[in-house]
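Here are the chains, one letter per residue:
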Amino acid sequence: MEPVAVGLVGAGPWARIAHAPMLAKGPHTRLAGVWARRPDSAADLGAPVFTRIEELFDHCEAVAFCVPPAVQAEYAILAARAGKALLLEKPLADSLDDARRVADVVAETGVASQMVLTLRYAAETREFLARCAEIAPLGGHAANISNVLLGGHVFGTPWRLERGALLDVGPHVVDLLGAALGPVTGVRAHGDPLGWTGLMLEHEGGAVSEASLCMAAGGDLPPSTVAVYGREGNAVLRPAGGNALEVVAEEFAATVRAGGGHPLDAAHGLRLQRVIAEAEAQLTP
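Just so we're clear, the structure is a prediction, and the values are computed from it rather than from any experiment.

A. Local environment of the layout of surface pockets. Space inside the second largest pocket adds up to approximately 270 Å³. Lining of the second largest pocket is provided by 13 residues; of these, Pro183, Val184, His268, Arg271 and Leu272 occupy positions nearest its centre. Going through the elements one at a time, α9 (170-181) and α11 (266-283) are the ones with two or more residues in the lining of the second largest pocket. In terms of residues, the lining of the second largest pocket owes the most to one element, α11, which gives six residues. Of the residues in the lining of the second largest pocket, the class split is six nonpolar, two polar and five charged.

B. How the structure looks around the sheet that holds strand β11 (residues 233-236). With mixed pairing, six strands are arranged side by side in an open sheet as β7-β8-β9-β6-β10-β11. In this open sheet, the two strands that pair with only one neighbour each are β7 (184-191) and β11. Adjacent strand axes in the sheet meet at a mean angle of 15° when their direction is disregarded. Relative to strand β10 (residues 225-230), strand β6 (residues 137-145) runs antiparallel, the two sharing six bridges. Within β10, the position partnered with His141 by the bridge is Ala227. Helix α6 (residues 123-132) rests against β6, β10 and β11 of the sheet, and its axis sits at about 165° to β11. The sheet contacts of α9 involve β6, β7, β8 (196-203), β9 (208-214) and β10, and relative to β9 the element is tilted by about 160°.

C. Spotlight on the side chain of His268. With respect to the helices and strands, the residue His268 is situated in helix α11. The class of His268 is buried, set by a relative accessible area of 13%.

D. Expanded view of the sheet that holds strand β2 (residues 29-35). Taken in spatial order, the five strands line up as β2-β1-β3-β4-β5 in an open sheet, and their pairing is parallel. The outermost strands of the open sheet, each flanked by one partner alone, are β2 and β5 (113-115). Adjacent strand axes in the sheet meet at a mean angle of 20° when their direction is disregarded. Note: strand β1 (residues 4-9) against β2, six bridges, orientation parallel. Bridging from a neighbouring strand, Ala5 pairs with Arg30 of β2.

E. Focus on the packing of aromatic side chains. As enumerated under the stated definition, the model contains two aromatic pairs in all. Their ring planes at 75° and their centres at 6.0 Å tell us that Trp14 and Phe155 sit as a pair that is edge-to-face. One end of the pair, Trp14, is in helix α1 (residues 13-25); the other, Phe155, is in the loop between β6 and α7 (158-163), and 141 residues separate them in sequence. A relative accessible area of 27% means that Trp14 is categorised as partly exposed.

F. Quick look at the packing of α6 against α9. Between α6 and α9, the shortest axis-to-axis distance is 8 Å and the interhelical angle comes to 40°. What the angle tells us is that α6 and α9 run oblique. Where α6 abuts α9, its residues Thr125, Phe128, Leu129 and Cys132 lie against Leu176, Ala179 and Ala180. Taken together, the residues that form the contact of α6 with α9 break down as six nonpolar, one polar and no charged.

Rules used in this analysis
Residues numbered from 1 in each chain as written. Predicted model: local features only at pLDDT ≥ 70, side-chain atom pairs only at ≥ 80, totals over all residues. Heavy atoms only, no water. 1 Å grid on protein atoms, 1.4 Å probe; cavity = no way out; pocket = protein on both sides within 12 Å on 5 of 7 lines; lining within 4 Å. Points joined across faces, edges and corners; volume = space filled by probe spheres on them. Helix = DSSP H or I, 4+ residues; strand = E, 2+ residues; numbered from the N terminus. Nonpolar A, V, L, I, M, F, W, Y, C, P; charged D, E, K, R; others polar. Pairing = 2+ DSSP bridges. Axes fitted to C-alpha atoms, helices over the stretch in contact; angles between N-to-C directions. Contact = heavy atoms within 4.5 Å. Buried < 20%, exposed > 50% of the residue type's maximum accessible area, 1.4 Å probe, protein only. Phe/Tyr/Trp six-rings, centres within 6.5 Å; stacked < 30°, edge-to-face > 60°. Parallel < 35°, antiparallel > 145°, perpendicular 65-115°, else oblique.

Following this line, the structure appears as structure tokens:
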């Protein structure tokens with residue numbers, strides 16, 4: 001299969017660490033070019049740098065996004081209307097309205113879309129989810145704790161400093177618990193997105209789960225955890241290995257060639273955004 005020519009929007013830390021190397025490595029994709037608001041930031045990513053995003057669209061068949069959520073929503077709509085397949089970061093947007101706009105345009109144009117919910121592509125996660133399906137799950141819990149908001153962290157970007165853990169790591173946690181226990185049908189939230197946030201999730205089929213999110217903890221921190229318990233056993237997510245991004249690229253290429261159909265598409269991103277928005281609303285004074 002000819003590698004899919006993917007243009008990259010964004011040239012920040014995650015683009016340098018993950019997206020650009022992933023897309024350039026092949027064999028399923030090739031990095032066709034980069035557009036960023038600061039072109040000098042894109043110069044060392046190993047691909048042509050375009051000064052206008054429309055020029056990037058002219059040189060690719062798909063577009064990957066590595067920008068703040070509000071920017072992703074704006075430019076994903078432009079790319080979809082230009083007929084480009086979309087490789088989207090989480091969260092889909094910075095608001096439920098904008099997430100809905102992206103998902104609606106994807107549906108309207110029929111372009112392929114796929115979300116980079118990185119953990120879902122790891123072999124360890126897929127083994128975990130297969131195990132969850134065998135144990136008649138009753139519920140589970142997750143914790144995602146980091147120090148990103150304390151200052152000086154490479155991912156301490158303005159949107160994370162403003163919105164905190166719920167918008168940033170919340171989609172990962174809600175997605176994993178939903179995949180393990182069934183789609184989320186209700187959420188109760190308490191705490192502070194810039195401090196400690198607790199979620200209680202209700203799942204289709206009657207399972208319940210709890211999640212703790214924090215990006216302002218100091219000291220030596222334990223790894224993130226996800227565990228599910230059922231009538232016939234339990235499942236604990238093991239730390240992921242290093243192949244998840246290779247799987248992202250391979251599956252995205254297949255999604256583009258097939259014309260869509262990936263389960264982690266823009267519509268899935270919208271469902272996650274609904275849960276996050278409902279939780280955020282409960283934390284707003």
